[in-house]
Each structure stands twice: as structure tokens, then as C-alpha cells.
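# Results of the structural survey
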Amino acid sequence: MTQNTRKTPLSSYTDGPAGPVLVTCGTGKNGSRVTERLTARGYPVRVGSRSGEVPFDWESPDTWDAALEGARAVFLVCQPDVGAPGVAEALHDFGARAVKAGVERLVLLSARGEDLALPAERAVREAGAEWTILRASWFFQNFSEGVFGPFVLAGELPFPAGEVREPFIDVDDIAEVAVAALTEDGHHGLVHELTGPRLLTFGEAVAEVAGASGREVRYVPMDGGPYAELLTAQGLPEELVAFLGELFGQLLDGRNASVTDGVQRALGRPPRDFARFLEAAAAEGAWQG
């Protein structure tokens, strides 16, 4: 794929005045890590959140222009999911405003194997700025600070994944690739497929979590119908439950049961292993609740 070369790479902006990098969902698992790394490397950052100094809300387009003012690049994280209804349309409108505001580079966090995410990716590609797509699978951190964390503490993780094998990945690796794509040349026009170094079933992953945490935790495979009932009982809106059912039915069919060299290609090093993450998370008290 042909790559365009920037006249002034973002990596040179620390030498003089520069607009910030806007990080959407900047207080979440992915956005906060990207923000921390950009800040540590001396890049000005604008944290995109409802409570930010310059408020940003995907559901309130009237907040977009102020958040984009003067920005040179944007890291795009979409809620509740990159393939959710309405997200592609929002990205299309946001991309147009971003380019009009002078944004030169867009980096989208997408999902590996998610057909529902393709319209969102297309919106970013067609915005008119330099673009990079990061496709990732299930996160290591889902078991510690994410959606699976409370179930780990409760001792039982119900999920409709059967025995499918997944290439779980460290969010810290995703953040490192995002920062590279936001600040360095060589990533324009690329789709980085990001995975961890090995495949695990959810049962195997939960067993490793149990071993590292010292807690009794078991994985309970469920069919989609009972799992939807569980989500509804937890108070999730009907439309979100329906979307998640479609999403999980698509993603958990084995299509992602392979590892890639995406992290190695982007960073020049291998991805972090799940066991190393678990050791560090346990030492930090992730499962002491």
C-alpha cells in the first residue's frame, strides 16, 4: 500500500510550538495509557472526556469542535464499541470536522475480526487525513480492571466463548503501538493486527488468573441465550444486549484463533506474555478486593 510522507513528522514537534494530540475516551483503559506515554515523551495532550478541561463527548457533537481546535493528531476510541450502531456515522462527521480543523493524523482503535467495525474503519480511511487502524483482540486487563474483574473476585466467570482460542493482548502493548502511530512516520495507510504471543481458551486464561491471584476462579461456558438473559438481569439496555449478542456470536467463532507479528512489526519487540502481566497485576493487588 502506498504511503504518503509527512513534511514535518510529529516526532519533531517537541522542538517547537505544537498543537496537542487529542485522545478520545482519554480516561479509559486505552486512552489513559496513551495519554501517560505521550505526556512522558513530552507531547502536549488533550484528554477527551466528559469531565475534561475541554469537555468531549461522542454523543454530543457540539463538544467536538472545541476539543479539536489546534489538535495535530487524534487517537480514536469509540464507546460502547467501534462496531456499535451509529459509530461509523459519528466517525464520518467527526473526521470531516477534524480535517477542517487542521488535524493531520487519525489513529483508530478497532477490533480484530469484527465485521461490524468495517464501516467505522472506512469512515476514518476516507476522512482525508493520514490514518492508521489498530485491530486488537481481547485484553489481558479485562480480567483485572475490566468487565471480567468482578466475576474473577466472585469466583466464577460466565461467558459464551466455549472452547474457542483467543490471542489475548496487553493494553500496554496497544498503547505503545498507538503512540508510535501518532508520533512517528511509517504507519500511514497501515492496518496493524495486534495480538499477544499465544492462544488461550477462556478456560485456560481463567485458570492462569486463578493461579496468579491465589483465588478459586472457574470459567462457566454459556450459550448465547442464557448469557443475554444474564446481561438483561444486570440491567443492560435491551438494544445493547442485542448488539453484544450479535458481536460475540461473530467474534467467538474461532476467526481470531491465530497470532500475528503486528506488535513486533510496529515496535521492534515481541508482545508481552499473559503470565508476565498476571505476575505484575497480582503484585499490584489487582485481585485483593
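Described below are features of the structure shown in this document. (Residues numbered from 1 in each chain as written. Predicted model: local features only at pLDDT ≥ 70, side-chain atom pairs only at ≥ 80, totals over all residues. Heavy atoms only, no water.)

## A closer look at the nonpolar core
Filter applied, for reference: Nonpolar cores were defined as sets of buried Ala, Val, Leu, Ile, Met, Phe, Trp, Tyr and Cys residues, with membership established by side-chain atoms within 4.5 Å. The cut-offs for exposure are 20% and 50% of the maximum accessible area for each residue type, with area from a 1.4 Å probe on protein chains only; residues under the lower value are buried, those over the upper are exposed, and the others partly exposed. A run of DSSP states H or I qualifies as a helix once it reaches four residues; a run of E qualifies as a strand once it reaches two. Both are numbered from the N-terminal end. Any two residues whose heavy atoms approach within 4.5 Å are treated as being in contact.
One finds Phe 75, Leu 91, Phe 94, Phe 143, Phe 159 and Phe 202 to be the most contacted residues of the largest nonpolar core, which totals 88 residues. The element that contributes the greatest number of residues to this core is helix H6 (residues 171-183), accounting for 8 residues. Once residues within four sequence positions are removed from consideration, Phe 143 is found in contact with Phe 148, Gly 149, Val 152, Leu 157, Phe 168, Phe 202, Ala 205, Val 206, Val 209, Phe 274 and Trp 287.

## Details of H6
Our working rule: Each helix should span, by expectation, one fewer than its residue count multiplied by 1.5 Å. For the purposes of these results, a polar contact is taken to be a pair of N or O atoms within 3.5 Å, where, inside protein, one atom must be able to donate a hydrogen and its partner to accept one; residues adjacent in sequence count only when each atom of the pair is a side-chain atom.
Helix length check: H6 (13 residues) gives 18 Å between terminal C-alpha atoms against 18 Å at 1.5 Å per residue, within 8%. Restricting attention to buried positions, one finds in H6 the residues Val 171, Asp 173, Ile 174, Ala 175, Glu 176, Val 177, Ala 178, Val 179, Ala 180, Ala 181, Leu 182 and Thr 183. The opening residue of H6 is Asp 170, an N-cap whose side-chain oxygen sits 2.8 Å from the backbone nitrogen of Asp 172.

## Points about the environment of Leu 199
You can see Leu 199 is positioned in the loop between strand E8 (190-194) and strand E9 (200-201). Linking Leu 199 and Arg 97, residues 102 residues apart in sequence, is a C-alpha distance of 40 Å. When residues no more than four places from it in sequence are discounted, the contact partners of Leu 199 are Arg 165, Glu 166, Pro 167, Glu 204, Asn 256, Ala 257, Ser 258 and Val 259.

## Quick look at the packing of helix H8 (residues 224-233) against helix H9 (residues 238-251)
Basically, it comes down to this: Here an angle of 0 to 180 degrees is reported between the N-to-C directions of two axes, which are lines fitted to C-alpha atoms, with helices fitted over the stretch in contact. The sense of a crossing depends on the near helix, which, turned anticlockwise from the far helix by less than a right angle, makes the crossing left-handed and, turned clockwise, makes it right-handed. Three classes are used: nonpolar for Ala, Val, Leu, Ile, Met, Phe, Trp, Tyr, Cys and Pro, charged for Asp, Glu, Lys and Arg, and polar for all others, with Gly counted as polar.
Where H8 meets H9, the axes come as close as 10 Å, and the angle between the chain directions of the two elements is 145°. Once H8 is placed against H9, the crossing between them reads as right-handed. Counting all contacts with H8, which are made through Tyr 227, Ala 228, Leu 231 and Thr 232, the residues of H9 involved are Val 241, Leu 244 and Phe 248. Class assignment of the residues belonging to the contact of H8 with H9 gives a composition of 6 nonpolar, 1 polar and no charged.

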